[in-house]
Amino acid sequence: MRAVRRCGWFLLVALVGIAATACAGDGGPLDESTVTVFGPYVGADADRFAEVIADFESSTGIDVAYTGSVDFVSDLRQRALGNQQPDVAMVPQPGVVDTLVDDEVLEPLEIDTVRAVREGFGDTALEATPWNLRFAVPYRSNVKSLVWYRPDVFAENGWEVPQTLDELNSLANDIDAGDTMVPWCFSVFAGSSTGWPATDWIEDLVLRRAGVDVYEQWAQGELSWQAREIHDAFEEFRELVVDNERSAGGLRSVLQTEVSSAGDPLFADTPGCAMYKQASFAEDWFPGGTTVGPDADVDYFVLPTEAKDETSLVTAGDAAVAFADRPNVNRFMAFLASADGGRAWADEGGFISRRTDVDLDQYYDDADAGVAALLQTRTTARFDASDMLPAAVGSDLLWSQITDWLNGSLNLDDLLASLDEALGIED
Amino acid sequence: MSDSVADEPVRLTSLGTIAGWLGRFEPADPDADAVEAVEELLPTGSDTWPYLRRFTALTALSASIAAFGLLADSGAVVIGAMLVAPLMTPIIGASAATVTADNRRLGRAVLIIALGTFVAILVGWLVSFIAAGRVIDVRSLPTEIRSRTFPGLLDLGIAITAGAAAGYIQPRRSAISALPGVGIAVALVPPLATVGITLELGLGSDSRNAFLLYLTNLAAIIFSAALVLLASGFRPHDAEGRRSLWVRLATTLVAVLLVAIPLTLHTRSVIRDLRLRSAVVAAVENWDPDIEILNQQADVAGGRAEVDLLVAGRGDPRPVYQLAEDIGARFGGPVDLRVRYQSNELFVVSTR
């Protein structure tokens, strides 16, 4: 009977144990020593940037709180002017940095941080940099001029990777003439940033058709948007990519499909498009497990130029700027200026830098290393022109008007004239 | 020295006093009627096959009623199925065999339970095969099915108390009219029918969850009914059986604990989701008191809050990053927020 009594106790205690549940703790307000960072990275990119932050936190003990928004540019402008500045912002447009400098809301970098940037990037990479290096730490780079395609689909249809712009036009015509798929995957819908993918196409065409000098004049606001070269690039883009339903889903899809989903038809069992021109960061939008390479699921070629032996790149990227001059903030900026500042992201994939003190074999995969090699070896590389414009034009007016032009509610001459007017350029 | 200590009066704490009282408690042997009522649970000899036929038929009918009720999203029909279900009988039989250390009866009970489990799942699968494709959308399962694919600790609590009630009622014929209530409370066949339906629909995760609910009920009923039968005086007849009693009850307890682990995790996730949802509502109120939440999906996955909101308001919305930061501060972790904003404007038109 003693065994029975012992059982009673044991089971009574067990019953109480079974009934117990635990609750998680509450979060609290941010400590004042915390460095607040605001940027455009959301979703998977935010996760990867969080790895960078974790590296910094573990080595310094300083807490960093990151917030990312797809409406980053307009939100940042509002925060900068509304006394709600973050400590640090990761800005994807040099023009926005210039505007913030003009607004006198940014803190200059410490001299050691400036020196670290110069040593890490080298003179060649910084020669044509659009960033104001007194305030900005160049961080992540990407190449806009890539055309993604499926090697298996090209092989199946007997298509060759085009070596010149004329060959690209011929290939697009051939694909269009067939009845299996359309030449392009393309869309511009991106919430308040709708329109930006179209600007990338036009910039690439200006750089290729009109040359570096004209491109630089245009990007610096020294060439009228109504100039023949710019007008022709708009027309060529529309004819090559948009008109006559040359993009998957037609104009309706161009205007309504999320930019991050624009490439989906490329990966369908029955492909909806043959080519997808999008920046190196588009790899993040591909279906999970997609491999990149000549014998893999998808590969890329650089949008060709007029001549076979030339290559030109339109590039873009992000830079860190500081709104506060506190020791913790300065340490974070110094960290981002070092080779360690991007290592955790590069380990996860999707981070490419123009730094010369990072070896190509340190990148996540061959695709990232390939794009990094492009940045290191191509001499004709120019920064995204629209990103260099003042924010009110490059990140607002241009995007909205180019969308109106695509949907037919604005004609090209009026679009170009209004941009000249906004930039104070006389025709 | 040791003698003087032994002579001192023993001082007990309150807990010790209660322990002493419980230790002295020794239930009287159950009367013959109580023993007979419990032994009748598992017929033997020539009664076995008629019982099995009756058991299989009732289980199949009950599972069929339950499956149709689940697909029709009818709580009343599902309750009806619970009243027809005969599964409680072998389960209480297993409890009684556990505390009386009757291995033969225990083995028989387990086999009958396994038979009932198989039949109920099979019937659920067949009903779904015949009817489900025509009446339900797998992306939007009926509430009656969905509610059986999210077991939590509350279900464990229900099963433990219902099992205790069954263990109390079964040996007392005067209280036997209360037994159907136990069947309704604990619901054995509907989870099995749900397993069959979701298996047929290819919803493996939902199947596992529904089966976990069934296992929860099964383990908890056997355990708590055994405990109550023990308290009612049922115990092994021989010394060897008494010695093994501890092991037997510990085994049933381990089974309960094993199902309690996923239930605890699941309950924690439900609590986290509820906390997150209230944090979202409070943050939206703080963000803009005039905003109306039209639809909210908020879940915690991997420690991160994933929030999808459809809101309506007038004018331009305030910056959404402020809402995300507020949700993050209230929730206490990273947040992925998607907000769709609708302009809430009233247009009034009259024609004459």
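Residues numbered from 1 in each chain as written. Chains lettered and ligands numbered in written order. Predicted model: local features only at pLDDT ≥ 70, side-chain atom pairs only at ≥ 80, totals over all residues. Heavy atoms only, no water.

**A closer look at the overall build of chain B**
The number of helices and strands found in chain B is 14 helices and three strands. For chain B, buried positions account for 44% of its 352 residues. For chain B, long-range pairs separated by at least 24 residues make up 78% of all intrachain contacts whose partners lie at least 6 apart in sequence. As presented, chain B carries roughly 18100 Å² of accessible surface, and 60% of it is formed by carbon and sulfur atoms. (Helix = DSSP H or I, 4+ residues; strand = E, 2+ residues; numbered from the N terminus. Buried < 20%, exposed > 50% of the residue type's maximum accessible area, 1.4 Å probe, protein only. Contact = heavy atoms within 4.5 Å. Areas by Shrake-Rupley, 256 points an atom, 1.4 Å probe, with all protein chains shown as cover.)

**Observations concerning the pattern of salt bridges**
Residue and element names in this part refer to chain A. This model, assessed by the stated rule, comprises 29 salt bridges over all chains. Close ionic contact of Arg-140 with Asp-318 constitutes a salt bridge, the shortest N to O distance being 3.4 Å. Of the two residues, Arg-140 is situated in strand S4 (residues 136–143) and Asp-318 in strand S9 (residues 313–322); the sequence distance between them amounts to 178 residues. Measuring nitrogen to oxygen at the nearest pair gives 3.5 Å for the salt bridge that ties Arg-228 to Asp-232. One end of the pair is Arg-228 and the other is Asp-232, both in helix H10 (residues 228–242) and four residues apart, which spans about a single turn. (Salt bridge = Lys/Arg side-chain N within 4 Å of Asp/Glu carboxyl O.)

**Remarks on the packing of aromatic side chains**
Aromatic rings in a pair are described by how distant their centres are and how their planes are angled relative to each other. Residues and elements named next belong to chain A. What the rule picks out here adds up to 33 aromatic pairs over all chains. Ring centres of Phe-49 and Tyr-66 lie 5.1 Å apart, and the angle between their planes is 70°; on these two criteria the pair is classed as edge-to-face. Placement of Phe-49 in helix H2 (residues 44–60) and of Tyr-66 in strand S2 (residues 64–68) is noted, with a sequence separation of 17 residues between them. Exposure remark for Phe-49: the relative accessible area of 0% places this residue in the buried category. Between Phe-56 and Phe-335, the ring centres sit 5.4 Å apart and the planes meet at 50°, which makes this aromatic pair tilted. Of this pair, Phe-56 sits in helix H2 while Phe-335 is found in helix H13 (residues 327–337), placing the two residues 279 residues apart along the sequence. (Phe/Tyr/Trp six-rings, centres within 6.5 Å; stacked < 30°, edge-to-face > 60°.)

**Let's talk about the sheet that holds strand S3 (residues 335–343) of chain B**
Residues and elements named next belong to chain B. Spatially, S1-S2-S3 is the arrangement adopted by the three strands of the open sheet, whose pairing is mixed. Every other strand in the sheet has two partners, leaving strand S1 (292–301) and S3 as the edge strands with one partner each. Averaged over all neighbouring strand pairs, the angle between strand axes comes to 5°, with direction disregarded. Across nine bridges, the pairing between strand S2 (residues 304–313) and S3 is parallel. When the bridges of S3 are listed, Gly-313 appears paired with Ser-343. Each of S1 and S2 is contacted by helix H13 (residues 239–287), which is oriented at about 145° to S1, the strand it contacts most. (Pairing = 2+ DSSP bridges. Axes fitted to C-alpha atoms, helices over the stretch in contact; angles between N-to-C directions.)

**A closer look at the confidence of the model for chain B**
Residues and elements named next belong to chain B. Counting all residues, the mean pLDDT for chain B is 84, and 90% of those residues have values of 70 or more. Scored below 50 in pLDDT, residues 1–6 makes zero contacts in the model with residues more than four places away or belonging to other chains. Model confidence for the complex is summarised by a pTM of 0.68, with the ipTM given as 0.73. (pLDDT = per-residue confidence, 0-100.)

**Brief notes about a nonpolar patch on the surface**
All names here are of chain B. Together, Phe-118, Leu-122, Trp-125, Leu-126, Phe-129, Ile-130 and Leu-199 make up an exposed nonpolar region whose accessible area comes to about 710 Å². If you tally residues by element for the nonpolar patch, the top one is helix H7 (residues 103–135), at six residues. By secondary structure assignment, the location of Ile-130 is in helix H7. Judged by relative accessible area, which is 55%, Ile-130 ranks as exposed. (Patch = residues over 30% accessible without salt bridge, like charges linked within 9 Å, V, L, I, M, F, W, Y side chains within 5 Å.)

**Notes on the environment of Ala-319 of chain A**
Residue and element names in this part refer to chain A. With respect to the helices and strands, the residue Ala-319 is situated in strand S9. Placed 178 residues apart in sequence, Ala-319 and Ser-141 show a C-alpha to C-alpha distance of 9.0 Å. Excluding residues within four positions of it along the chain, Ala-319 makes contact with Ala-89, Met-90, Val-91, Trp-131, Ala-136, Val-137, Pro-138 and Tyr-139.

**Observations concerning the sheet that holds strand S8 (residues 299–302) of chain A**
Residue and element names in this part refer to chain A. On the basis of which strands lie adjacent, the open sheet formed by four strands has the order S6-S7-S5-S8 and mixed pairing. Two strands lie at the open edges of the sheet, namely strand S6 (182–185) and S8, each paired on one side alone. Averaged over all pairs of adjacent strands, the angle between their axes in this sheet comes to 30°, without regard to strand direction. Where S6 meets strand S7 (residues 273–277), three bridges bridge the pair, whose relative direction is parallel. Across the sheet, Cys-185 pairs through a bridge with Tyr-276, a residue of S7. Where helix H7 (residues 165–177) meets the sheet, its contacts fall on S6, S7 and S8, and the angle it forms with S6 comes to roughly 115°.

**Some remarks on the state of the cysteines**
Residues and elements named next belong to chain A. Going through the model one piece at a time under the given rule, you end up with one disulfide over all chains. In this model, Cys-185 is linked to Cys-273 through a disulfide, with the two sulfur atoms separated by 2.0 Å. Every disulfide takes its handedness from the sign of the S-S torsion; for Cys-185 and Cys-273 that torsion is -95°, giving left-handed. Taken together, the positions of Cys-185 in strand S6 and Cys-273 in strand S7 put the pair 88 residues apart, joining distant regions of the chain. Residue Cys-185 is classed as buried on the basis of its relative accessible area, which comes to 2%. (Disulfide = S-S within 2.5 Å.)

**Considering the side chain of Ser-312 of chain A**
Position of Ser-312 of chain A among the secondary structure elements: in the loop between S8 and S9. In this structure, Ser-312 of chain A is in contact with Ser-145, Leu-207, Arg-208, Val-302, Thr-305 and Thr-380 of chain A, ignoring residues within four places of it in sequence.

**Let's talk about the packing of helix H8 (residues 196–210) of chain A against helix H9 (residues 212–219) of chain A**
All names here are of chain A. For the pair H8 and H9, the least separation of the axes is 6 Å and the interaxial angle reads 140°. In terms of axis orientation, H8 runs oblique to H9. Touching Ile-202, Glu-203, Val-206, Leu-207 and Ala-210 of H8 are Val-212, Val-214, Tyr-215 and Trp-218, all from H9. (Parallel < 35°, antiparallel > 145°, perpendicular 65-115°, else oblique.)

**A look at the nonpolar core**
Phe-49, Trp-225, Phe-234, Phe-237, Met-275, Phe-332 and Leu-336 of chain A are the most contacted members of the largest nonpolar core, which totals 140 residues. With residues up to four places along the chain from it excluded, the contact list for Leu-336 of chain A reads Phe-49, Val-52, Met-90, Val-137, Tyr-139, Ala-320, Gly-341 and Arg-355 of chain A. Counting residues in each nonpolar core, the second largest holds 73 residues, with Ala-109, Ile-112, Ala-120 and Ile-136 of chain B among its members. (Core = buried A, V, L, I, M, F, W, Y, C linked by side-chain atoms within 4.5 Å.)

**Considerations on the packing of helix H9 (residues 153–169) of chain B against helix H12 (residues 204–231) of chain B**
Helix-helix packing: each pair is described by the crossing angle between the helix axes and the interaxial distance. All names here are of chain B. Across the interface, H9 lies against H12 with an axial gap of 7 Å and an inter-helix angle of 40°. With respect to H12, the axis of H9 lies oblique. Regarding H9 and H12, the two cross each other, and that crossing is right-handed. Along the contact surface, H9 presents Asp-155, Leu-156, Ala-159, Ile-160, Gly-163, Ala-164, Gly-167 and Tyr-168, while H12 presents Leu-213, Thr-216, Asn-217, Ala-220, Ile-221, Ser-224, Ala-225, Val-228 and Leu-229. The residue makeup of the contact of H9 with H12, split by class, is 11 nonpolar, five polar and one charged. (Left-handed = near helix turned anticlockwise from the far one by under 90°. Nonpolar A, V, L, I, M, F, W, Y, C, P; charged D, E, K, R; others polar.)

**Side note on H2 of chain A**
All names here are of chain A. Its 17 residues place the ends of H2 25 Å apart at the C-alpha level, agreeing with the 24 Å of an ideal helix rising 1.5 Å per residue. Residues Asp-45, Ala-46, Arg-48, Phe-49, Val-52, Ile-53 and Phe-56 constitute the buried set of H2. Along the long axis of H2, the arc covered by the buried residues comes to 165°, so they all point the same way. Taken together, the buried residues of H2 touch strand S1 (35–39), S2, strand S3 (88–91), S4, H13 and helix H14 (343–348). (Expected span 1.5 Å × (residues − 1). Arc of directions from axis to C-beta.)

**Let's talk about the side chain of Asp-387 of chain A**
Following the sequence through the fold, Asp-387 of chain A ends up in helix H16 (residues 385–388). The residues touching Asp-387 of chain A, leaving out its near neighbours within four places in the chain, are Pro-92, Gln-93, Pro-94, Gly-95, Lys-144 and Ala-316 of chain A.

**With respect to unusual backbone geometry**
Of note, the phi angle at Glu-245 of chain A is positive, near 55°, even though the residue is not glycine. By secondary structure assignment, the location of Glu-245 of chain A is in the loop between H10 and helix H11 (250–256). Looking at Glu-245 of chain A, the relative accessible area reads 54%, which means it is exposed. Within the chain, Asp-73 of chain B stands out as a residue other than glycine whose phi angle is a positive 55°.

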